[in-house]
Amino acid sequence: MNSNGEEGKVESQMTAKKKSTEKALSRKIEVAERRLPSASEAVGEPVFGLEGVGVSYGGKVAVRDVSMTIGAKEITALIGPSGCGKSTLLRCLNRMNDLVPSAEVFGKCLYHGTDLYGPEVDPVEVRKLIGMVFQKPNPFPKSIYDNIAFGPKVLGLPDVEERVERALRSAALWDEVKDRLDDNAYGMSGGQQQRLCIARCIAVDPDVILMDEPCSALDPISSGKIEDLMLELKEDFSIVIVTHNMQQAARVSDKTAFLIVELDSTEENRWGQLVEYDETEKIFTNPADSRTEDYVTGKVG
Amino acid sequence: MFSEMPERTRLATAGAQATVASNLQRQRGSEQLKGNIFFALLLLAVAFALIGLIALIVQSAIKGAPAFGLNLITEGPSTINPEDAGFRPAIIGSIYLILGVILLVVPIGVGSAIYLEEYADGTKWWNRLIELNVQNLAGVPSIIYGILGLAFIVRGPLDLGFILAAGSLTLALLVLPTVILASREAIRAVPPSIRDGSLALGATQWQTIRRQVLPASIPGMATGVILAVSRALGEAAPLLLVGAAQFVTFNPQPFSADGYSAMPVLIYNYALRPQDEFRVLAAAGVVIMLIVLLLLNSFAVWLRNRYEQQW
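Quick caveat: nothing in here was measured; it's all calculated off a predicted structure.

Engineer: Could you clarify how one ought to interpret the overall build of chain B in this entry?
Structural biologist: For chain B, the helix and strand inventory stands at 12 helices and zero strands. Taken from the N to the C terminus, the helices and strands of chain B come in the order α-α-α-α-α-α-α-α-α-α-α-α. Taking 19 Å as the expected radius of gyration for a compact globule of 311 residues, we find that chain B reaches 29 Å, considerably beyond that expectation. Judged by the C-alpha coordinates and their principal axes, chain B covers about 100 × 65 × 35 Å.

As structure tokens, this is what we get:
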């Protein structure tokens with residue numbers, strides 16, 4: 001009886017949360033009543049639940065059958081050899097794949113219990129909650145200030161100026177740029193540009209930040225700064241990072257998913273597949289799958 | 001250092017040095033000659049184009065010199081005293097025509113370019129058909145647009161009559177493909193990563209186009225519009241068909257059926273007349289047009305170099 005009652009309570013809490021997420025993702029939502037679904041969430045509570053997710057481009061499968069749960073306020077790393085579909089998988093999580101006309105997503109991609117590809121869901125609303133940092137720094141050809149202010153302005157968020165400063169401080173960039181906010185962002189170094197892109201992303205208060213190999217175009221010192229930044233940001237945001245750098249995954253992430261390129265018997269079709277997903281420490285010290293071990297120890301890949 | 005080496009080593013080193021030195025020397029004379037001849041041919045080609053332009057300017061300037069003066073701009077055409085005649089109605093007519101062209105061509109051209117670049121699904125046959133046609137239209141002779149203007153704008157469905165606005169509309173149709181192509185080029189030069197960055201923040205497609213893509217492509221579009229305008233400014237053939245043929249001595253009005261004229265048309269008119277005074281006037285008109293066109297084109301080049309974004 002007792003346990004049943006508690007279960008019922010938890011269940012009703014969960015449905016309430018799912019409702020609010022559904023509302024946040026559906027069209028015509030007022031910005032003022034926007035709630036970040038995992039703002040109050042404890043570390044490790046599920047943010048994404050992938051159930052048999054696959055993506056194909058023009059009928060050709062790029063990644064198939066990925067099932068995993070991504071936790072709140074953690075850094076989840078996706079690693080694997082090139083072509084294993086880790087970036088493709090990442091782009092599923094904020095519907096960036098929609099921008100490729102021939103892309104098709106299969107399976108269930110649950111975000112706080114709501115299917116991101118459900119009929120009620122507006123991709124624009126999804127991207128307001130789930131931000132993204134790209135492989136190559138892509139600042140807008142505008143001033144540093146306008147780069148950060150763009151997001152809050154188009155989303156109609158209040159206190160733009162304050163947000164810009166807060167975002168730049170969170171991205172550990174404020175002291176470097178506070179005297180030249182009106183300068184063009186293209187005058188910054190690559191590492192600064194990437195931190196600007198991170199600041200731009202957090203200026204709109206997302207729930208999740210997706211990072212697609214954010215350090216691959218940067219030198220080691222700039223990469224180190226971004227890694228430090230990620231560790232600070234995970235206090236407030238859930239982060240999913242794709243990286244080709246295993247050491248980076250080992251340094252920053254809490255959980256690691258290892259993907260691999262599979263070939264069919266004819267060796268004509270290749271696709272990405274999830275091999276193992278676990279605590280980062282376990283993946284790097286005591287992986288369950290021998291293919292993971294071969295990859296993380298550098299025998300293949 | 002060399003002196004400390006044993007004799008054999010020193011000799012070997014010297015031999016190697018000599019070989020390297022001979023390898024680095026000039027290649028065979030015939031290859032050298034071919035290169036020089038080709039270079040000379042290229043120079044000749046450039047010189048041919050330049051000499052043509054310079055000859056035109058100098059010849060017009062010498063022939064038109066007697067007519068140079070303010071009355072070229074302030075006076076209208078006159079058959080009674082050609083010494084005092086000028087181009088005023090034609091200049092005003094050309095300005096009206098060009099303003100009309102800009103007014104029509106900028107929104108329609110930029111709009112079409114945005115549709116084709118940002119919205120159209122290139123895999124659909126109708127979009128590919130539109131693209132192909134826009135490219136072909138850019139190469140259609142201007143006289144054909146004149147006939148089209150006569151049949152569809154002056155007469156036919158629109159039935160505007162021989163008014164200046166009909167001329168503007170015809171010229172706008174003529175340069176529209178050029179503007180669309182230039183605007184598409186400018187939009188395409190904005191890298192996809194900028195769109196991705198904007199969309200990933202939760203901006204809508206229209207917000208992304210309006211606030212990122214368009215501002216970044218305005219310099220390229222402006223360059224295209226200026227080049228298109230300078231082409232429209234120099235066109236005489238289509239205007240002859242849609243009503244600019246009259247010898248107008250008064251200032252034209254955009255929507256009046258009294259007639260209008262334009263610079264190239266009036267130059268043509270002057271040049272056809274037997275009196276020498278008019279021939280001189282025509283040459284002076286050519287100089288005015290050349291100056292205006294060179295200024296416009298230089299402005300376009302300056303604009304492109306000044307605001308071109310290095311991605």
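Let's pick the thread back up.
Engineer: What should I look at first to understand the confidence of the model for chain A in this one?
Structural biologist: Interpreting fine coordinate detail is not advised for predicted regions of low pLDDT. When pLDDT is averaged across chain A, the result is 87; 87% of the residues are at 70 or more. A low-confidence stretch, residues 28–33 of chain A (pLDDT under 50), is modelled with seven contacts involving residues beyond four sequence positions or located in other chains.

Engineer: I would appreciate a short explanation of the packing of aromatic side chains in the present structure.
Structural biologist: By convention here, two paired aromatic rings are described through the distance between centres and the angle between planes. For the structure on display, the rule yields eight aromatic pairs over all chains. Measuring from centroid to centroid gives 5.4 Å for Phe48 of chain A and Tyr111 of chain A, while their planes differ by 40 degrees, and the two rings are tilted. Taken together, the residues span a long stretch of sequence, with Phe48 of chain A in strand E1 (residues 46–57) and Tyr111 of chain A in strand E4 (residues 103–111) at a distance of 63 residues. The class of Phe48 of chain A is buried, set by a relative accessible area of 1%. Of the residues examined, Tyr111 of chain A reaches a relative accessible area of 0% and is grouped as buried. A centroid spacing of 5.8 Å and a plane angle of 85 degrees characterise the contact between Trp125 of chain B and Trp126 of chain B, whose relative ring orientation is edge-to-face. An aromatic cluster of at least three residues, connected via ring pairs, comprises Phe87, Tyr270 and Phe278 of chain B.

Engineer: Please clarify how the layout of surface pockets should be interpreted in this entry.
Structural biologist: Empty space among the atoms becomes apparent when a probe as large as a water molecule is rolled across them. By volume, the largest pocket is sized at about 690 Å³. Along its surface, the largest pocket is lined by 22 residues, and Leu99 of chain A together with Glu118, Arg195, Leu199 and Gln205 of chain B are the ones closest to its centre. For the lining of the largest pocket, the elements supplying multiple residues, two or more each, are helix H3 (123–129) of chain A together with helix H4 (88–119), helix H8 (192–199) and helix H9 (205–234) of chain B. The class makeup of the residues in the lining of the largest pocket is 11 nonpolar, three polar and eight charged.

Engineer: Sorry if this is basic, but what is going on with a negative patch on the surface here?
Structural biologist: On the surface, Glu75, Glu83, Asp84, Asp276 and Glu277 of chain B cluster together into a patch of negative charge. Positionally, Glu83 of chain B belongs in the loop between helix H3 (71–74) and H4.

Engineer: What is the right way to look at the side chain of Ser56 of chain A in this model?
Structural biologist: Within the element layout of this structure, Ser56 of chain A appears in strand E1. Residues contacting Ser56 of chain A, with those up to four places away along its chain left out, are Val61, Ala62, Ser102, Ala103, Glu104 and Phe106 of chain A.

Engineer: Please explain the pattern of salt bridges as it appears in this structure.
Structural biologist: Here the idea is simple: oppositely charged side chains can pair when their charged atoms come close. Per the stated rule, a full pass over the model turns up 21 salt bridges over all chains. Note that Glu74 of chain A is salt-bridged to Lys255 of chain A, the shortest N-O span being 3.2 Å. Of this pair, Glu74 of chain A sits in the loop between strand E2 (60–71) and strand E3 (75–79) while Lys255 of chain A sits in strand E9 (residues 255–263), and the two are 181 residues apart along the sequence. Of the two residues examined, Glu74 of chain A and Lys255 of chain A, each falls in the buried class. Lys34 of chain B is the partner of Glu31 of chain B in a salt bridge, and the nearest nitrogen-oxygen pair spans 3.8 Å. With Glu31 of chain B and Lys34 of chain B both in helix H2 (residues 29–64) and three residues apart, the pair spans about one turn of that helix.

Engineer: Even after reading the chapter, I still don't get the packing of H2 of chain B against helix H12 (residues 276–307) of chain B, so can you show me in this structure?
Structural biologist: When two helices pack together, their arrangement is captured by the angle between the axes and the distance separating the axes. Residue and element names in this part refer to chain B. Where H2 contacts H12, the axes come no closer than 7 Å and their chain directions differ by 135 degrees. The orientation of H2 relative to H12 falls into the category oblique. Considering the relative orientation of H2 and H12, their crossing is left-handed. Of H12, the residues touching H2 (which contributes Leu56, Ile57, Ser60, Ala61, Lys63 and Gly64) are Val280, Ala283, Ala284, Val286, Val287, Leu290 and Leu294.

Engineer: How should I be thinking about the pairing of E3 of chain A in this particular structure?
Structural biologist: Where a strand is regular, its side chains alternate between the two sheet faces. Residues and elements named next belong to chain A. Counting buried positions along E3 yields five of five residues, so the element is predominantly enclosed. Of the two faces of E3, both are covered, the one formed by Ile75, Ala77 and Ile79 as well as the one formed by Thr76 and Leu78. Here E3 runs beside strand E8 (residues 238–242); their pairing, made up of four bridges, is parallel. Opposite Thr76, over in E8, you have Val240 as the bridge partner. Pairing geometry for E3 and E9, over four bridges, is parallel. From the neighbouring strand, Ile79 faces E9, where its bridge partner is Phe258.

Engineer: How do you make sense of the packing of H9 of chain B against H12 of chain B when you look at a structure like this?
Structural biologist: All names here are of chain B. With their axes 9 Å apart at the nearest point, H9 and H12 run at an angle of 170 degrees to one another. In terms of axis orientation, H9 runs roughly antiparallel to H12. For the pair formed by H9 and H12, the contact residues are Pro219, Ala222, Thr223, Ile226, Leu227, Val229, Ser230, Leu233 and Gly234 on the first element and Met289, Val292, Leu293, Leu296, Asn297, Phe299, Ala300, Leu303, Arg304 and Tyr307 on the second. Its residues assigned to classes, the contact of H9 with H12 comprises 14 nonpolar, four polar and one charged.

Engineer: Looking at this model, I keep getting lost on the interface of chain B and chain A. Mind explaining?
Structural biologist: Frequently, the measure chosen for interface size is the accessible area that the parts lose on association. Chain B puts 18 residues into the contact, and the matching count from chain A is 24 residues. Contact between chain B and chain A buries roughly 1800 Å² in total, counting both sides, with carbon and sulfur atoms accounting for 64%. Applying the counting criterion to the chain B and chain A interface returns one salt bridge. For Arg91 of chain A, the salt bridge goes to Asp196 of chain B, with nearest N and O atoms at 3.6 Å. Taken together, the connections running from chain B to chain A amount to three residue pairs in polar contact (both at pLDDT 80 or more).

Engineer: Sorry if this is basic, but what is going on with a nonpolar patch on the surface here?
Structural biologist: Residues and elements named next belong to chain B. Together, Tyr115, Tyr119, Trp125, Trp126, Leu129, Ile130 and Trp206 make up an exposed nonpolar region whose accessible area comes to about 770 Å². Where the nonpolar patch is concerned, the elements lending two or more residues are H4 and helix H5 (125–137). Among the elements that make up the nonpolar patch, the one with the highest residue count is H5 (four residues). Tracing the chain through its elements places Tyr115 in helix H4. A relative accessible area of 34% places Tyr115 in the partly exposed class.

Criteria and cut-off values
Residues numbered from 1 in each chain as written. Chains lettered and ligands numbered in written order. Predicted model: local features only at pLDDT ≥ 70, side-chain atom pairs only at ≥ 80, totals over all residues. Heavy atoms only, no water. Helix = DSSP H or I, 4+ residues; strand = E, 2+ residues; numbered from the N terminus. Rg over C-alpha atoms; globule rule 2.2 N^0.38 Å. pLDDT = per-residue confidence, 0-100. Contact = heavy atoms within 4.5 Å. Phe/Tyr/Trp six-rings, centres within 6.5 Å; stacked < 30°, edge-to-face > 60°. Buried < 20%, exposed > 50% of the residue type's maximum accessible area, 1.4 Å probe, protein only. 1 Å grid on protein atoms, 1.4 Å probe; cavity = no way out; pocket = protein on both sides within 12 Å on 5 of 7 lines; lining within 4 Å. Points joined across faces, edges and corners; volume = space filled by probe spheres on them. Nonpolar A, V, L, I, M, F, W, Y, C, P; charged D, E, K, R; others polar. Patch = residues over 30% accessible without salt bridge, like charges linked within 9 Å, V, L, I, M, F, W, Y side chains within 5 Å. Areas by Shrake-Rupley, 256 points an atom, 1.4 Å probe, with all protein chains shown as cover. Salt bridge = Lys/Arg side-chain N within 4 Å of Asp/Glu carboxyl O. Lys, Arg positive; Asp, Glu negative; His and termini not counted. Charge placed at Lys NZ, Arg CZ, Asp CG, Glu CD. Axes fitted to C-alpha atoms, helices over the stretch in contact; angles between N-to-C directions. Parallel < 35°, antiparallel > 145°, perpendicular 65-115°, else oblique. Left-handed = near helix turned anticlockwise from the far one by under 90°. Pairing = 2+ DSSP bridges. Buried area = accessible area lost by both parts, 1.4 Å probe. Polar contact = N/O pair within 3.5 Å; in protein donor to acceptor, adjacent residues only side chain to side chain.

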